[in-house]
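# Coordinate inspection notes
Each chain, written out:
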Amino acid sequence: MTPKVVLVTGVSRFLGGHLAARFAANPDIERVLGVDTEPPPRDLLRRMGRAEFVRADIRNPLISKVISTANVDTVVHASVTASPAGPTGRTVMKEMNVIGTMQLLAACQKSPRVQKLVVKSTSAVYGSSSRDPAVFTEDMGPKDLPSSGYAKDAVEVEGYVRGFGRRRPDVNVTTLRFTNFIGPRIDTVLTRYFALPVVPTVLGYDARVQLLHSEDALAVLERATLHDLPGVFNVGGDGVLLLSQAIRRAGRLNLPVPSAAVPTVGGFFRSARLVDFSPDQMRFLNWGRVIDTTLLKKEFGFTPRWTTQQAFDDYVSGRGLKPLIDPETIDAAERGILDAAARFR
Amino acid sequence: MAGARVIPLHDPERDAARRSRHVEVVPEPEQQQSATPDWERRLTDLLSFARRRIAGDYQVDEFGFDRDLTENVLMPPLKPLYEKWFRVETSGLNNIPQAGGALIVANHSGTVPLDALMTSFGIASEHPAHRHMRMLGADLVFRTPVLGALARKSGQTLACNPDAERLLSSGELVGVWPEGFKGVGKPFKDRYKLQRFGRGGFVSAALKTGAPIIPCSIVGAEEIYPMIGDIKALARLLGFPYFPVTPFFPLLGPLGAIPLPSKWYIEFGEPIRTDVFGENAADDPMLVFNLTDQVRETIQQTLYRLLTQRRNVFLG
């Protein structure tokens, strides 16, 4: 079933905004509504074309009126986010994520026209620890429930979404658990992290990182909206990078920090407004996380175009990250040594 | 600049020489061999390895297994230990399939799990297919900094059923030590007495994937650090499962940490098929118990046989 009226939350951010733009370009969709608390940046607004921007707070019951008066039949909840607005934005972020979802779902439940709900969730719901299996499938849960931060928000959001699914069995609910996004255009905690000239890591740990290209993420969200594909799906690129390997591919230097000093260093980077890692994301730097995407490929019918490695390389070249040691210097050094060796033969 | 012009002229020549030796099509390999001495070839390998590492240009699988690092850095130091120190003799390597999933189940001993490293090195170097054994380890290993990261990079993963089944169904050779810490940290007087085999989780993983179980018996590892005592308080303080006291450790300090040079035998037994029990066999606890006992009994009997053949702990 192709949706007639689509409502997208979080349009002032990358995913929501570009998703609304894609729907606006689709002639089968009659009307596209984009909701957020602040207007999208100008270039994003231009891309969004005929999509209408509604400045509304999803924490406010007003959203119910928007959904019922516009006859919205499909809701794409893309505003659950990991990046707080600033050093003190964490409480606001939590409210936006959890209370916002509750209000939005309440509004959806009230409106009989809503036929489909697509939720952008995260693989952070699986947690990250040394006692976890190497690869998560959809039916696994976290070994210890994340006690704070984005991961906890996501777990709570998914809980409310499940509750909504029980109360409105006629609505197709698709929950997408994304890995971390990467790409030349998207701005996330991770893209800022890898752009640091010296990248702090946790001493003695090397996380396995699985990434998804932001274009693939958009394509998955679009497919979930245009087709009826209810269920919970892991979404991530094929393959894995080790954190140390990714840092080298980006041409950065890594700075191993002893575990005890990690909170201090994290606090410094937060107050310097460079990178804002929450404690659960710090744990991610220790252990990493890999998810199984068999269901995505078989049932959802989508294979990501970029592997983790390709997506990362695209990010590196797209951002124009210059390696600290020039690869040509290394090549020259290698040739030089071999040449010297040949003389000793 | 002049130097830079000389090198590319050399390079394709040497490349061709190397390629021809690999493929062995060119009928004059002897002349080529003398052209590039062995040390220079090794230097070339070393440099290209270093370049790959600096550029991050290598592949790891979803478990974090870094083949490049394992083969070039982690495995080579084990060679003298395997060949010269313990003089390991393996038998029954033909029982390990050339390809496809299989589960190696072995006895655990020696206070420090060197037996796992030696078995893994033995298969990688002496098996015709040079397979990498993927071992299932305790969560203590993965919780420990440095060690945990190294374990993942060398292909090990957490001992849990999802990981075991995933590895087996993707056709990997999996190694498991079901006695765990009970086996590796048992007192010297209990040597070569198999401990309880966990809850048989490894058998249900094999049953679910239909992978054969290969019993493996290791003789010699018990004597490398004869554990005559266990300082429980210190172990609890440090978070270790046990704190070993051997005749030389901690008495001689770091010197006491040198393993005794016992002579080792590793024997791989006949594979036990698990694909003949039909669907849902893994849900039959009695079958799982029986198979667990069968594997345990096979290993125990082989240990006794190998021990009667052994005349001397150190000379074999």
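Residues numbered from 1 in each chain as written. Chains lettered and ligands numbered in written order. Predicted model: local features only at pLDDT ≥ 70, side-chain atom pairs only at ≥ 80, totals over all residues.

Regarding its fold elements, chain A presents 13 helices and 14 strands. Relative to the globule expectation of 20 Å for 345 residues, the C-alpha radius of gyration of chain A, 21 Å, shows essentially globular dimensions. Here the C-alpha coordinates of chain A stretch approximately 85 × 40 × 40 Å along the principal axes. Taken across its 345 residues, chain A has 48% of its residues classed as buried. (Helix = DSSP H or I, 4+ residues; strand = E, 2+ residues; numbered from the N terminus. Rg over C-alpha atoms; globule rule 2.2 N^0.38 Å. Buried ≥ 20, exposed ≤ 12 C-beta atoms within 10 Å, placed from the backbone.)

In terms of regular secondary structure, chain B is built from 13 helices and nine strands. Counting contacts in chain B only where the partners sit at least 6 residues apart, residues at least 24 apart contribute 73% of the total. (Contact = placed C-beta atoms within 7 Å.)

Let us look at the interface of chain A and chain B. Each side of the interface is counted separately: chain A has 28 residues, and chain B has 30 residues. Elements that contribute at least two residues to the side of chain A that touches chain B include exactly helix 8 (243-249) and helix 13 (327-344) of chain A. When residues in the side of chain A that touches chain B are grouped by element, the largest group, nine residues, is from helix 13 of chain A. Taken together, the residues that form the side of chain A that touches chain B break down as 15 nonpolar, four polar and nine charged. (Nonpolar A, V, L, I, M, F, W, Y, C, P; charged D, E, K, R; others polar.)

A word on the UniProt feature "domain: Phospholipid/glycerol acyltransferase" (unreviewed entry) in chain B. The residues that UniProt annotates with the feature "domain: Phospholipid/glycerol acyltransferase" (unreviewed entry) are residues 102-221 of chain B. Structurally, residues 102-221 of chain B comprises 39% helix and 19% strand, and the distance from its first C-alpha atom to its last is 23 Å. (UniProt positions renumbered as here; feature names shortened; annotations may be inferred.)

With that out of the way, let us pick up the confidence of the model for chain B. Residues and elements named next belong to chain B. Residues with a pLDDT of 70 or more make up 89% of chain B, whose mean pLDDT is 88. Throughout residues 1-9 the model reports pLDDT below 50, and contacts reaching past four residues in sequence, or to other chains, amount to three contacts. Across the interface, the model reports ipTM at 0.90; the global pTM reads 0.89. (pLDDT = per-residue confidence, 0-100.)

Residues and elements named next belong to chain A. With seven of seven residues buried, strand 5 (residues 116-122) lies mostly within the body of the structure. Judged by which residues are buried, strand 5 turns out to be covered on both faces: Lys-116, Val-118, Lys-120 and Thr-122 on one side and Leu-117, Val-119 and Ser-121 on the other are all buried. Sheet topology note: the strand 4 (residues 74-77)/strand 5 ladder contains four bridges and is parallel. Along strand 5, the bridge assignment pairs Val-75 with Leu-117. Sheet topology note: the strand 5/strand 6 (residues 172-178) ladder contains seven bridges and is parallel. Within the sheet, the bridge partner assigned to Thr-122 lies in strand 6 and is Phe-178. Traced from strand 5 through helix 5 (residues 149-167) to strand 6, the parallel crossover comes out right-handed. (Pairing = 2+ DSSP bridges. Right-handed = clockwise from strand over helix to strand, strands pointing away.)

Before going further, it helps to examine the packing of helix 3 (residues 62-69) of chain A against helix 4 (residues 90-110) of chain A. Residue and element names in this part refer to chain A. For the pair helix 3 and helix 4, the least separation of the axes is 9 Å and the interaxial angle reads 35 degrees. At the point where helix 3 passes helix 4, the crossing takes the right-handed sense. Contacts between helix 3 and helix 4 pair Ile-63, Ser-64 and Ile-67 from the former with Gln-103, Leu-104, Ala-107, Cys-108 and Lys-110 from the latter. Residues that form the contact of helix 3 with helix 4 fall into these classes: five nonpolar, two polar and one charged. (Axes fitted to C-alpha atoms, helices over the stretch in contact; angles between N-to-C directions. Left-handed = near helix turned anticlockwise from the far one by under 90°.)

Residue and element names in this part refer to chain A. When you line up the elements, Asp-36 lands in strand 2 (residues 31-36). Under the C-beta neighbour-count criterion, Asp-36 is labelled buried, with 24 such atoms within 10 Å. Sequence-distant contacts of Asp-36, defined by excluding residues within four places in its chain, comprise Gly-10, Val-11, Ser-12 and Gly-16.

Our next topic: the sheet that holds strand 12 (residues 241-242) of chain A. Residue and element names in this part refer to chain A. Pairing is mixed in the open sheet, where three strands are placed in the order 12-9-14. In this open sheet, the two edge strands, each paired with only one partner strand, are strand 12 and strand 14 (288-289). Summarising the sheet, strand 9 (residues 208-209) and strand 12 pair through two bridges and their orientation is antiparallel. By the bridge assignment, Arg-208 is partnered in strand 12 with Leu-242.

Moving on to the sheet that holds strand 6 (residues 213-219) of chain B. Residues and elements named next belong to chain B. Across the sheet, which stays open at both edges, the seven strands sit in the order 1-9-6-2-5-3-4 with mixed pairing between neighbours. The open sheet has two edge strands, strand 1 (89-91) and strand 4 (157-158), and neither has a second partner. The sheet strands contacting helix 6 (residues 114-126) are strand 1, strand 2 (102-106), strand 3 (133-137), strand 5 (173-176), strand 6 and strand 9 (265-268), and the helix crosses strand 3 at an angle near 165 degrees. On the sheet, helix 13 (residues 285-309) packs against strand 2, strand 6 and strand 9 and is oriented at approximately 30 degrees with respect to strand 6.

Residues and elements named next belong to chain B. In a regular helix each residue adds 1.5 Å, so 25 residues correspond to 36 Å; helix 13 covers 36 Å between its end C-alpha atoms and thus fits that length. Among all positions in helix 13, only Val-288, Leu-291, Thr-292, Val-295, Arg-296, Ile-299, Thr-302 and Leu-303 are buried. Its buried side turned inward, helix 13 meets strand 2, helix 11 (201-209), strand 6 and strand 9. (Expected span 1.5 Å × (residues − 1).)

Below, the discussion takes up the pairing of strand 1 (residues 5-9) of chain A. Residue and element names in this part refer to chain A. In terms of burial, strand 1 is largely enclosed, as four of its five residues are buried. Judged from the five bridges that link them, strand 1 and strand 2 form a sheet pairing that is parallel. Note on strand 2: the bridge partner recorded for Val-6 is Val-32. Viewed along the sheet, the connection from strand 1 through helix 1 (residues 14-24) into strand 2 turns out right-handed. Relative to strand 4, strand 1 runs parallel, the two being bridged by three bridges. Bridge assignment links Val-6 to a residue of strand 4, and that residue is Thr-74.

All right, on to the packing of helix 9 (residues 161-169) of chain B against helix 11 of chain B then. All names here are of chain B. Interaxial distance between helix 9 and helix 11 falls to 9 Å at its minimum, and their mutual angle equals 40 degrees. Here helix 9 is positioned oblique relative to helix 11, judged by the angle of their axes. Note on packing geometry: the crossing formed by helix 9 with helix 11 is right-handed. The segment helix 9 lies against helix 11, with Asn-161, Ala-164, Glu-165, Leu-168 and Ser-169 engaging Gly-201, Phe-202, Ser-204, Ala-205, Ala-206, Lys-208 and Thr-209. (Parallel < 35°, antiparallel > 145°, perpendicular 65-115°, else oblique.)

What follows is about unusual backbone geometry. Residues and elements named next belong to chain B. Following Phe-249, the chain continues to Pro-250 via a peptide bond in cis, the omega torsion being 5 degrees. Relative to the elements of secondary structure, Pro-250 occurs in the loop between strand 8 (244-245) and strand 9. For Arg-87, which is not a glycine, the phi torsion comes out positive at approximately 45 degrees. Along the chain, Arg-87 falls in the loop between helix 5 (78-85) and strand 1. Not every positive phi belongs to a glycine, and Asn-280 is a case in point at roughly 60 degrees. Here Asn-280 shows up in the loop between strand 9 and helix 13.

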